[in-house]
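Secondary and tertiary structure notes
Read off the chains here:
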Amino acid sequence: MRKRDPELGDYIGTNCPQVAMMTSSGKNRKTLAATTEQLFRIIQSIPSPKAEPFKQWMAQVASQRLDQMQDPELSIDQAIADYKRLGYSDKWINSRIKGIEVRKELTDEWDRSGVTGQQYASLTDIITREWSGMTTRQYKQHKGLKKENLRDNMTNVELALNMLAEASTTEISKQKNPKGFAQSAEVAKEGGSVANAARKQLESKTGKSVISTDRASDYLLPSENKED
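None of the values given here were measured: they were computed from a predicted structure. (Residues numbered from 1 in each chain as written. Predicted model: local features only at pLDDT ≥ 70, side-chain atom pairs only at ≥ 80, totals over all residues. Heavy atoms only, no water.)

This paragraph deals with the packing of helix α1 (residues 6-15) against helix α2 (residues 36-44). At their nearest, the axes of α1 and α2 sit 11 Å apart, and the two run at 170° to each other. Put simply, α1 runs roughly antiparallel to α2. The segment α1 lies against α2, with Glu7, Leu8, Tyr11, Ile12 and Asn15 engaging Gln38, Arg41 and Ile42. (Axes fitted to C-alpha atoms, helices over the stretch in contact; angles between N-to-C directions. Helix = DSSP H or I, 4+ residues; strand = E, 2+ residues; numbered from the N terminus. Parallel < 35°, antiparallel > 145°, perpendicular 65-115°, else oblique. Contact = heavy atoms within 4.5 Å.)

Following this line, the structure appears as structure tokens:
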């Protein structure tokens, strides 16, 4: 392929590093490796008819993405369909989609307050730590997650408390009108503490922690027809 297509050869040589991988014989040998994006780029360059179905699929996905950019509601519809396909319950999906709306309102408020770049992650950590007792990374480690999305692996109760923390932060921020990261961090602590109080009250009634080690794989639906 690289000899047949010099441009592709240059692309692979520049973007695909050699990574040590174990062979069937148990020895480590350096092999060209690529990310998902890079693999798609390589597939686009393959002239074989066997690659055509993949090319058509990539064109379809690109077309859908352009439609979603013009009509964001389509992105929500796609997210719901994807979550259903993965086996999440309707109740969980409704909470997750509502959480996305709450999160967007919070980030809009942070934009207005002058928060930028990595500060979003820092403020999110503050909120998470205030209501759960753990940073986002610690929470993921608690659930045994690596690259998986933390919110996609929260239970309904965890989602509800996280949503309460972010919604409370938004409302407090609107009232106090913070400027910059430092003031927004103080507001984030206050918003997270609201959900922390709710968490402690619930735990006192149930006698167990709501911070679960469960991951999505532990509670996904066994079939698409089950509601809870």
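Having seen it, we continue.
Moving on, we come to a nonpolar patch on the surface. Together, Phe40, Trp57 and Val61 line one region of the surface with nonpolar side chains, adding up to about 260 Å² of accessible area. As for its placement among the helices and strands, Trp57 is situated in helix α3 (residues 52-70). Relative accessible area serves as the criterion here: at 45%, Trp57 is assigned to the partly exposed category. (Patch = residues over 30% accessible without salt bridge, like charges linked within 9 Å, V, L, I, M, F, W, Y side chains within 5 Å. Areas by Shrake-Rupley, 256 points an atom, 1.4 Å probe, with all protein chains shown as cover. Salt bridge = Lys/Arg side-chain N within 4 Å of Asp/Glu carboxyl O. Buried < 20%, exposed > 50% of the residue type's maximum accessible area, 1.4 Å probe, protein only.)

Our next topic: empty space enclosed by the protein. Counted by the stated rule, this structure contains one cavity of 30 Å³ or more. For the largest cavity, the full set of lining residues is Ser95, Arg96, Gly99, Arg151, Leu159, Asn162, Met163 and Glu166. Breaking the lining of the largest cavity down by element, the ones donating at least two residues are α5 (90-113) and α8 (156-176). Considering each element in turn, the lining of the largest cavity owes the most residues, four residues, to α8. Of the residues contributing to the lining of the largest cavity, the split by class is two nonpolar, three polar and three charged. (1 Å grid on protein atoms, 1.4 Å probe; cavity = no way out; pocket = protein on both sides within 12 Å on 5 of 7 lines; lining within 4 Å. Points joined across faces, edges and corners; volume = space filled by probe spheres on them. Nonpolar A, V, L, I, M, F, W, Y, C, P; charged D, E, K, R; others polar.)

Across five bridges, strand β1 (residues 18-22) lies against strand β2 (residues 28-32) in antiparallel orientation. Each bridged residue has a counterpart across the sheet, and for Gln18 the counterpart in β2 is Leu32. Taking the residues that link successive antiparallel strands as the turn, the β1-β2 hairpin has five residues, and the phi of Gly26 there is positive, at about 90°. (Pairing = 2+ DSSP bridges.)

Before going further, it helps to examine the environment of Lys84. Note that Lys84 resides in helix α4 (residues 73-86). Residue classification places Lys84 among the partly exposed positions, given a relative accessible area of 36%. Sequence separation between Lys84 and Leu220 is 136 residues; the distance between their C-alpha atoms is 9.8 Å.

The next thing to look at is the pattern of salt bridges. The full count for this structure, using the stated rule, is 14 salt bridges. Across the pair Arg103 and Glu166 runs a salt bridge whose closest N-O atoms are separated by 3.0 Å. Residue Arg103 is found in helix α5, and its partner Glu166 is found in helix α8; the two are separated by 63 residues along the sequence. On the accessibility criterion, Glu166 (2% relative accessible area) is buried. Lys104 is the salt-bridge partner of Asp108, the closest N and O atoms lying 2.8 Å from each other. In this pair, Asp108 and Lys104 are both assigned in helix α5, four residues apart and thus about one turn of the helix distant. A residue is classified by how much of its surface remains accessible, and Asp108, at 36% relative accessible area, is partly exposed. Under the relative-accessibility criterion, Lys104 is labelled partly exposed at 48%.

Everything listed is a geometric property; what it means functionally is a separate question.
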